[in-house]
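Chain by chain, the residues run as shown.
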Amino acid sequence: MPLPELFRNRIALPVIGAPMFLVSHPELVIAQCKAGIPGAFPTLNARPLEVLDEWLARITEALSADPKAAPFGVNLIMHKSNTRLAEDTELTIKYKVPFVITSVGNPSPMVEHVHSYGGLVFHDVTTIKHAQKAIDAGVDGLILVCTGAGGHAGFLSPFAFLHEVRKIFDGTIILAGAMSTGRHIKAAIVMGADFAYLGTRFIATTEAHAVDEYKNMIVSSAAADTVHTPYFSGVPANYLKPSLVAAGYDPDNLGINPDGGSLSIDGGEKSGPRPWKDLWSAGQGIGAIEDVPSVAELVANLKKDYDATKV
């Protein structure tokens, strides 16, 4: 479908920077938007609550001074375990955040709030069932989280998932899963998506809020160095095997978590290694990541590769 008015003439590539827990901070989001890539961050990255107000003010001010900057968004976890949802929603409305990404729950309440000031709502889905529920809730777009994506990945092939969703939805479709190059982005668009959703590729940038060991591990790893498991957070996610080994786990013999695996939306406060903070996530597209450039340099390289890819 045609790009929503919010993004027209404001993007360098049909890409949205995925909001990444602990990694996406204002420095990364501002750099992405100034480079022409709509960036977003999870509101739970800003702690305590007062920090979220500061971040939203900072990002809004930085981007309002640049008329060419892409719009930014926030990611709100709709699950009942998110005790900050009401307060984070109030701040989202206060700053009229251009687009909101909802995850893990019913997006209906957020659709009403965000539409009240003219914003857009995109919802994360991993199945056709959840896609239909989000469509019924009135979302503006769907983020199809396919197999191979970083973080909480789905199981469906992007070929199958995108085709089936496009038959029932004429809104914005954002495709997620193992994309790291301009060629990957072009492929997503040719398949019928409106945007590619890149997360892991932006971890390996200078502005990402991640330690150098994490960034370097992404550069030195390949798809075979990831493991897809619900063992740590209760929901299947892709982790870097070397980070599991460093934490004392055998990634090839995790077995069954004795705690049963409970949903963790913020990394948890349990003792010992924690998902996202100590056990690092990455998508299967890491084999195509070979450096740690600035966001501006990365976007320029992605655009060059995208433009050179003929179809």
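Structure: see above.
All values derive from a computational prediction rather than experimental measurement.

Caption draft 1: The arrangement of the overall build of the chain in detail. Check the secondary structure of the chain and you find eleven helices and ten strands. Principal-axis analysis of the C-alpha atoms places the extent of the chain at approximately 50 × 45 × 40 Å. For the chain, the proportion of its 311 residues judged to be buried stands at 54%. Looking at the chain alone, contacts between residues at least 24 apart form 65% of all its contacts between residues at least 6 apart. One finds the centroid of the 25 positive side-chain charges in the chain at a distance of 5 Å from the centroid of its 32 negative side-chain charges.

Caption draft 2: Broad picture of the pattern of salt bridges. Going through the model one piece at a time under the given rule, you end up with ten salt bridges. Measuring nitrogen to oxygen at the nearest pair gives 3.0 Å for the salt bridge that ties Glu5 to Arg8.

Caption draft 3: Here's a closer look at the packing of helix H7 (residues 182–191) against helix H11 (residues 295–308). Contact geometry for H7 and H11: axes closest at 7 Å, N-to-C directions at 55 degrees. One element, H7, and the other, H11, form an angle in the oblique class. Crossing hand, H7 versus H11: right-handed. Touching Gly182, Arg183, Ile185, Lys186 and Ile189 of H7 are Leu302, Asp305 and Tyr306, all from H11. Here the contact of H7 with H11 is composed, by residue class, of four nonpolar, one polar and three charged.

Caption draft 4: Main features of the packing of helix H2 (residues 49–64) against helix H3 (residues 85–94). In the contact formed by H2 and H3, the axes pass within 10 Å of each other and the chain directions differ by 15 degrees. By the angle between their directions, the pair H2 and H3 is classed as roughly parallel. Judged by the twist between their axes, the crossing of H2 over H3 is right-handed. The segment H2 lies against H3, with Leu49, Leu52, Asp53 and Leu56 engaging Glu87, Asp88, Leu91, Thr92 and Lys94. Split into classes, the residues belonging to the contact of H2 with H3 amount to four nonpolar, one polar and four charged.

Caption draft 5: Molecular detail of helix H5 (residues 128–137). Considered for burial, the residues of H5 that qualify are Ala131, Ala134, Ile135 and Ala137. Buried residues along H5 cover an arc of 160 degrees about the axis, so they all sit on one side. Opposite its buried face, H5 presents the exposed residues Lys129 and Asp136, each directed more than 90 degrees away. In this structure, the buried side of H5 is in contact with helix H4 (108–115), strand S5 (120–125), strand S6 (141–145) and helix H6 (158–168). Trailing H5 by a residue or two, Gly138 shows a phi angle of about 90 degrees, which is positive.

Caption draft 6: Region of interest: the side chain of Ser281. As for its position among the elements, Ser281 is in the loop between helix H10 (241–246) and H11. Taking the relative accessible area as the measure of exposure, Ser281 reaches 7% and is therefore buried. Reaching out from Ser281, the side chain makes a polar contact with the backbone oxygen of Asn238 at a distance of 2.7 Å. With near-sequence residues (within four places) excluded, Ser281 lies in contact with Gly150, Gly151, Ile203, Tyr214, Asn238, Tyr239, Leu240 and Trp276.

Caption draft 7: Quick peek at the side chain of Thr200. Among the structural elements, Thr200 can be located in helix H8 (residues 200–203). Reaching out from Thr200, the side chain makes a polar contact with the backbone nitrogen of Gly283 at a distance of 2.9 Å.

Definitions and limits used
Going along each chain's sequence as written, the residues are numbered from 1 onward. Under the rules for a predicted model, residues below a pLDDT of 70 receive no local features and side-chain atom pairs below 80 are neither given nor counted, while totals for whole chains, interfaces and linings still include all residues. Side-chain measures were taken over the full set of non-hydrogen atoms in the model, leaving aside hydrogen atoms and water. For the purposes of this entry, the term helix denotes a DSSP run of H or I that reaches at least four residues, the term strand denotes a run of E that reaches at least two, and both are numbered from the N terminus. Only protein chains enter the calculation, and the probe is 1.4 Å; a residue is then buried if its accessible area is under 20% of its type maximum, exposed if over 50%, and partly exposed in between. Whether two residues are in contact is decided by their heavy atoms: any pair within 4.5 Å suffices. Counted as positive: Lys and Arg. Counted as negative: Asp and Glu. His and the chain ends are not counted at all. Every charge is mapped onto a representative atom, which is NZ of Lys, CZ of Arg, CG of Asp or CD of Glu. Any Lys or Arg side-chain nitrogen found within 4 Å of a carboxyl oxygen on Asp or Glu counts as a salt bridge. In this analysis, axes come from line fits to C-alpha atoms, helices being fitted only over the stretch in contact, and the angle between any two N-to-C directions falls in the range 0 to 180 degrees. Geometric relationships in this document are graded by angle, where less than 35 degrees denotes roughly parallel, more than 145 denotes roughly antiparallel, 65 to 115 denotes roughly perpendicular, and other angles denote oblique. Note: crossing handedness is left-handed where the near helix turns anticlockwise from the far helix by less than a right angle, and right-handed where it turns clockwise. Gly falls in the polar group here, along with every residue not listed as nonpolar (Ala, Val, Leu, Ile, Met, Phe, Trp, Tyr, Cys, Pro) or charged (Asp, Glu, Lys, Arg). It is the directions from the helix axis to the C-beta atoms whose arc is reported. Each polar contact in these results corresponds to two N or O atoms within 3.5 Å; when the atoms are within protein, one needs to be able to donate a hydrogen and the other to accept it, and residues that are neighboring in sequence are counted only if both atoms are side-chain atoms.

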